[in-house]
Amino acid sequence: MTGSTATQLEGLSSLIMTAPTWKRSAAIMVLLGVAIEFMAWLGGLDPHDFGAHFGLLGFTLPGLIALGLTRPLVRMYGRDITWDWSGLIALIALVICVIVSYTPLLLFARDYLPLFYASSLGIIFAVRLLLLVTVVDRSVARMLAPALIQSLFATLFWATVIPGILVYSVVLHIFLGLGTWFIVWILERPMKAALGVSPLAFANAFMAYLIEGSHALEEFFREMGEAVRVEQATIFFRREGKEEAVFTVPGVHPGPLGEIGGSNLPKILYDALGCPAVIAHGASTHDFNPVSASEIEKVVAAVEEGRRTATWSATATQPVRADSGSVSVLAQAFGDTALLVATRSPLITDDLDYAVGLAIMKAGERHFAHVAFVDAHNSFPCLPPPVLLASPLAEEYREAAEEAFAALVDAPQVPFAAGFARVDVPFTREEGFGDLGIMAMVVRTDDKEALYLVFDGNNIHEGVRDELRDMFLEDFDECEIMTSDTHVVNTVSGMNPVGLAVPLESFSPLAREAADLARADAAPASAAGTTATCRDIVVFGSQRITQLAGLVTGSVGIVAPLALVILIVAFLSTVTVFFLLAG
């Protein structure tokens, strides 16, 4: 995935929008109608003139009728749309109707208002049809009736007042309807050719998810996904007088956004483990997004299987840090298991390709039976491309990991204590914090203490990790700040790191609380590492999410000018046919 396509992927989240309440849309429609009539009165129109009461009767009334009838008509075809979206679509059509009706009057006499109004009715039919096939149902045939209601009512209402409007409107609706069908046909071709799926089917499923929480989108992703096997390293901890705890590093990616696919992987995995746990972020990109939350059950099953065959050890090394180039690794060994946490902070860090992490894990298996490699995911001023295997950055990660392995092999192992804690935060997903809040693990070996702190979020705002680490190094010998990379926080923007919406001073006391609780929870412990092979997990697949992002954002970019050209051609064709019929 290049930097540009990564940006396109982030742009998918910007397509998420919520409709204003239907009451607000209705109020705006009424206010627009009143404003138009007020301006007509200021213009000196006679109360009996065509335009004197046109604001409420020509624009507002058809809009309110459409607001009330669109949803029932949609539901007749087994689909659904909220009242809010019904109101928004009616409002958009009303605004376009006003613009098309009145803007040309800057160049033409006021007597032409009936002609331009009649033209606007055909145009808003086409606009409503495009919106409905995008939001509700890709079938043009099924969306014809809901799309027609606003313009059809206005046409019939004014047929006895405006001479010729009925014939002109019918011809215009036919031509613009055909033009809209052509737009839909062109819009669907690129994605069907590339991925074998319909972009409007994707849009319908996406809107169904936003409107009613439908799982149709996950089925859509399953059709285009592919099954993979990934390795997940986990360290189990048994502690005297305490319940068992877990530090685990998923091999799949918690994306793409919102509640879609595996976006809430950390929370689902945490709940399934049923004990104190730290869910870190492994080396994985959006190619490894599970297509649905149900795929995470396979991860849980693999981890639980590994728990039953684990070999326990009551010793650990002290924490060590190794550096190569821009990469710094905090490492610690527990018996035959090595834990490595890699960062480039304060430089930009985002996803590492799965192959990079797997190569490091396999290299470490020359010295240890199991390697848990964590991408700290903790510095985010902008969206960089992932780190790919054999790239200069990947080599820095590999070399830093090799130095860490060498230091751990030579380091003596001693009895240790481990403590765990999780602190809920009073911040929302929109503010960058996921459902797990802050997770902490403290490991004490002799007189050395290491703090592993994980925010349930998607990366950390640039500089925040370093300020937190400096704060904790006053009390701990070593520390690393990480994120789980949960994508439930990406419902407004793809750029929503911890520390961007909420300043550090507002959540640093909560981070301190998590660290103090984990320290207080520490008890003599033994550890067992496992490397679970998670089989046949259906993920988006290699480069699929990149292709999807590029095609969707590209389609959005071309649809407006394409639609404008086609509708203008259809409109001119209608005018020609109308005058031929009139002649």
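Residues numbered from 1 in each chain as written. Predicted model: local features only at pLDDT ≥ 70, side-chain atom pairs only at ≥ 80, totals over all residues. Heavy atoms only, no water.

Caption draft 1: Looking closely at empty space enclosed by the protein. Counted according to the given criterion, the structure contains three cavities of 30 Å³ or more. Surrounding the second largest cavity, 14 residues form its lining, Glu231, Gly282, Ala283, Met361 and Phe373 being those nearest its centre. Within the residue set of the lining of the second largest cavity, elements represented by two or more residues are β1 (226-239), α12 (354-364) and β8 (370-375). In terms of residues, the lining of the second largest cavity owes the most to one element, α12, which gives four residues. Looking at the lining of the second largest cavity residue by residue, the classes come out as 10 nonpolar, three polar and one charged. (1 Å grid on protein atoms, 1.4 Å probe; cavity = no way out; pocket = protein on both sides within 12 Å on 5 of 7 lines; lining within 4 Å. Points joined across faces, edges and corners; volume = space filled by probe spheres on them. Helix = DSSP H or I, 4+ residues; strand = E, 2+ residues; numbered from the N terminus. Nonpolar A, V, L, I, M, F, W, Y, C, P; charged D, E, K, R; others polar.)

Caption draft 2: Layout of a nonpolar patch on the surface. Taken together, the side chains of Leu152, Leu156, Leu166, Val167, Val170, Ile174 and Leu178 make up a nonpolar region of the molecular surface, amounting to roughly 630 Å² of accessible area. Those elements that provide at least two residues to the nonpolar patch are α6 (140-158) and α7 (165-195). Counting residues per element, the nonpolar patch draws most heavily on α7, at five residues. Tracing the backbone shows Val167 in helix α7. (Patch = residues over 30% accessible without salt bridge, like charges linked within 9 Å, V, L, I, M, F, W, Y side chains within 5 Å. Areas by Shrake-Rupley, 256 points an atom, 1.4 Å probe, with all protein chains shown as cover. Salt bridge = Lys/Arg side-chain N within 4 Å of Asp/Glu carboxyl O.)

Caption draft 3: A look at the pattern of salt bridges. Per the counting criterion, the structure on display carries 27 salt bridges. For Arg398, the salt bridge identified is with Glu399, shortest N-O distance 4.0 Å. Judged by relative accessible area, Arg398 falls into the partly exposed class, the value being 34%. (Buried < 20%, exposed > 50% of the residue type's maximum accessible area, 1.4 Å probe, protein only.)

Caption draft 4: Quick look at α6. Taking 1.5 Å of rise per residue, the 19 residues of α6 would be expected to cover 27 Å, and the 27 Å separating its terminal C-alpha atoms lies within 8% of that figure. Of all the bends in α6, the greatest measures close to 50° and is centred on Ile149. What α6 keeps buried is the set Val140, Met143, Pro146, Ala147, Ile149, Gln150, Ser151, Ala154, Thr155 and Trp158. (Expected span 1.5 Å × (residues − 1). Bend = angle between axes of the 7 residues up to and from the residue.)

Caption draft 5: Up close: the packing of helix α5 (residues 113-135) against α6. Between α5 and α6, whose axes approach to 8 Å, the crossing angle comes to 160°. Relative to α6, the element α5 lies roughly antiparallel. Handedness of the α5/α6 crossing: right-handed. Within the contact between the two elements, α5 uses Tyr117, Leu121, Ile124, Phe125, Arg128, Leu129, Leu132 and Val133 and α6 uses Val140, Met143, Leu144, Pro146, Ala147, Leu148, Ile149, Gln150, Ser151, Ala154, Thr155 and Trp158. (Axes fitted to C-alpha atoms, helices over the stretch in contact; angles between N-to-C directions. Parallel < 35°, antiparallel > 145°, perpendicular 65-115°, else oblique. Left-handed = near helix turned anticlockwise from the far one by under 90°. Contact = heavy atoms within 4.5 Å.)

Caption draft 6: Highlighting the nonpolar core. Phe237, Phe247, Leu340 and Tyr452 are the most contacted members of the largest nonpolar core, which has 77 residues in total. Take this core: its biggest share by element is seven residues, from helix α13 (residues 392-410). Not counting the four nearest positions on each side in its chain, Leu340 is found in contact with Val329, Leu330, Ala331, Val371, Ala372, Phe373, Val374, Ala401, Ala404, Phe405 and Leu408. Among the nonpolar cores identified, the runner-up in size contains 33 residues, and Val74, Trp85, Val184 and Met224 belong to it. (Core = buried A, V, L, I, M, F, W, Y, C linked by side-chain atoms within 4.5 Å.)

Caption draft 7: Structural detail: unusual backbone geometry. In the segment running from Gly255 into Pro256, the intervening peptide bond is cis, with an omega of 15°. With an omega of 10°, the peptide bond running from Ser345 to Pro346 counts as cis. A positive phi is found at His377, a non-glycine position, where the angle reads about 55°. With respect to the helices, strands and loops of the structure, His377 is situated in the loop between β8 and α13. One non-glycine residue with positive phi stands out, namely Asp485, at about 70°. Under the relative-accessibility criterion, Asp485 is labelled buried at 0%.

Caption draft 8: Representation of the confidence of the model for the protein within the structure. Of all residues in the protein, 83% attain a pLDDT of 70 or more, and the chain-wide mean is 85. Under a pLDDT of 50 for its full length, residues 1-9 has, in the predicted model, 21 contacts with residues more than four places off or in other chains. (pLDDT = per-residue confidence, 0-100.)

Caption draft 9: Main features of the side chain of Asp456. Counting through the fold element by element, Asp456 comes out in the loop between β11 (448-455) and α14 (464-472). Arg422 is the oppositely charged side chain nearest to the buried, salt-bridge-free Asp456, at an N-O distance of 7.3 Å. Engagement of the side chain of Asp456 in a polar contact is seen with the backbone nitrogen of Asp435, the distance being 3.1 Å. Among all residues touching Asp456, those that are not within four sequence positions of it are Pro266, Gly432, Phe433, Gly434, Asp435, Leu436, Gly437, Ser484 and Thr486. (Lys, Arg positive; Asp, Glu negative; His and termini not counted. Polar contact = N/O pair within 3.5 Å; in protein donor to acceptor, adjacent residues only side chain to side chain.)

Caption draft 10: Quick peek at the packing of aromatic side chains. One pass over the full model with this rule turns up 17 aromatic pairs. Here the aromatic rings of Phe472 and Phe476 are separated by 6.3 Å at their centres, their planes lie at 70°, and the arrangement is edge-to-face. Across the pair, Phe476 and Phe472 agree in class, each one buried. A connected cluster of aromatic rings, assembled from ring pairs, spans Phe237, Phe334, Phe416 and Phe420. (Phe/Tyr/Trp six-rings, centres within 6.5 Å; stacked < 30°, edge-to-face > 60°.)

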